[in-house]
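As a plain string of letters, each chain reads:
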Amino acid sequence: MWKVRTALLLVIAYFVYSSFIYTAATEVVLPDETVVAQAHEGKMLFQKYNCAACHQVYGLGGYLGPDLTTVAQKYPNETYIRSLLSTGNQTMPAYHFSDAEKDALIAYFKHLNNYAPHK
């Protein structure tokens, strides 16, 4: 009798687990279109100012500056990133980006961070 109960329990568990995996667990949350457009604008600024000459993204680019793939994870407060984008430092020039440009670049960094392989 215990074999029948065990088999029945396994069959029920299989169907519950399968229904969860093939329904709720596969829901994809798409980002807001405004956020995607802002991240695209940030990517265009990244290319316009040739940031890849000094910085890497996903391992591609220059070696003078840090890899920016996960910079949004390292500085989630954004204050440090905004400061560097405005004033620069010893190796990065001061670009004096507008607030909208800083928002776009930070949106791009967050987008990169969402698709980066996290360790």
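Refer to the structure printed above.
Residues numbered from 1 in each chain as written. Predicted model: local features only at pLDDT ≥ 70, side-chain atom pairs only at ≥ 80, totals over all residues. Heavy atoms only, no water.

K.L.:
Which parts of the structure should I look at to understand the environment of Gly59?
P.N.:
Positionally, Gly59 belongs in the loop between β1 (56-57) and β2 (60-61). We classify Gly59 as partly exposed; its relative accessible area is 40%. On a C-alpha basis, the gap between Gly59 and Thr69 in space is 8.2 Å, while along the polypeptide they are 10 residues apart. Look past the residues within four positions of Gly59 in its chain and what remains in contact with it is Asp67 and Thr69. (Helix = DSSP H or I, 4+ residues; strand = E, 2+ residues; numbered from the N terminus. Buried < 20%, exposed > 50% of the residue type's maximum accessible area, 1.4 Å probe, protein only. Contact = heavy atoms within 4.5 Å.)

K.L.:
I keep staring at a nonpolar patch on the surface and nothing clicks. Help me out?
P.N.:
Residues Leu8, Ile12 and Val16 make up a contiguous nonpolar surface patch of about 290 Å² in total accessible area. Locating Leu8 in the fold gives a position in helix α1 (residues 2-21). (Patch = residues over 30% accessible without salt bridge, like charges linked within 9 Å, V, L, I, M, F, W, Y side chains within 5 Å. Areas by Shrake-Rupley, 256 points an atom, 1.4 Å probe, with all protein chains shown as cover. Salt bridge = Lys/Arg side-chain N within 4 Å of Asp/Glu carboxyl O.)

K.L.:
Explain the nonpolar core here, please?
P.N.:
Side chains that are nonpolar tend, in soluble globular proteins, to be buried together. Membership of the largest hydrophobic core comes to 17 residues, with the highest contact counts inside it found for Phe46, Ile81, Leu85, Leu105, Tyr108 and Phe109. Broken down by secondary-structure element, the contributors of at least two residues to this core are α2 (33-48), α3 (71-74), α4 (79-87) and α5 (99-114). The greatest single-element share of this core, amounting to six residues, is contributed by α5. Not counting the four nearest positions on each side in its chain, Leu85 is found in contact with Met92, Tyr95, His96, Phe97, Lys102 and Leu105. (Core = buried A, V, L, I, M, F, W, Y, C linked by side-chain atoms within 4.5 Å.)

K.L.:
Would you take a moment to explain the packing of aromatic side chains for this structure?
P.N.:
The description of an aromatic ring pair uses the distance of the two centres, along with the angle that the planes make with each other. Per the stated rule, a full pass over the model turns up seven aromatic pairs. Aromatic side chains Tyr14 and Phe15 sit 5.3 Å apart centroid to centroid with 70° between the ring planes, which places their arrangement in the edge-to-face category. Accessibility assignment for this pair places Tyr14 and Phe15 in one class, exposed. Between Tyr108 and Phe109 the ring centres are 6.2 Å apart and the planes differ by 40°, which places this aromatic pair in the tilted class. Through successive ring pairs, a cluster of aromatic residues spans Phe46, Tyr108 and Phe109. (Phe/Tyr/Trp six-rings, centres within 6.5 Å; stacked < 30°, edge-to-face > 60°.)

K.L.:
Explanation requested: the environment of Lys74 in the structure shown.
P.N.:
As for its position among the elements, Lys74 is in helix α3. Residues Lys74 and Asn113, spaced 39 residues apart in sequence, show a C-alpha to C-alpha distance of 9.7 Å.

K.L.:
Any chance you could explain α1 here in plain terms?
P.N.:
Counting along an α-helix, one turn takes 3.6 residues, and residues three or four places apart therefore face a common direction. For α1, which comprises 20 residues, the first-to-last C-alpha distance of 28 Å matches the rise-based estimate of 28 Å (1.5 Å per residue) to within 8%. For α1, the tally of buried residues reaches only one of 20 residues, placing the bulk of the element at the surface. (Expected span 1.5 Å × (residues − 1).)

K.L.:
Got a minute to help me understand the packing of α4 against α5 in this structure?
P.N.:
In helix packing, the relevant descriptors are the interaxial angle and the interaxial distance, both defined with respect to the helix axes. Between α4 and α5, the least distance of the axes is 10 Å, while the angle of their chain directions is 125°. The angle between the axes of α4 and α5 places the two elements in the oblique class. The chirality of how α4 crosses α5 is right-handed. Contact with α4, carried on its side by Ile81, Arg82, Leu85 and Ser86, involves Asp99, Lys102, Asp103, Leu105, Ile106 and Phe109 of α5 and no other residues of that element. Classifying every residue of the contact of α4 with α5 gives five nonpolar, one polar and four charged. (Axes fitted to C-alpha atoms, helices over the stretch in contact; angles between N-to-C directions. Parallel < 35°, antiparallel > 145°, perpendicular 65-115°, else oblique. Left-handed = near helix turned anticlockwise from the far one by under 90°. Nonpolar A, V, L, I, M, F, W, Y, C, P; charged D, E, K, R; others polar.)

K.L.:
Would you explain α4 in this entry?
P.N.:
Ile81, Leu84, Leu85 and Ser86 are the residues of α4 that are buried. In this structure, the buried residues of α4 make contact with α3 and α5. Immediately downstream of α4, the backbone of Gly88 shows phi near 75°, a positive value.

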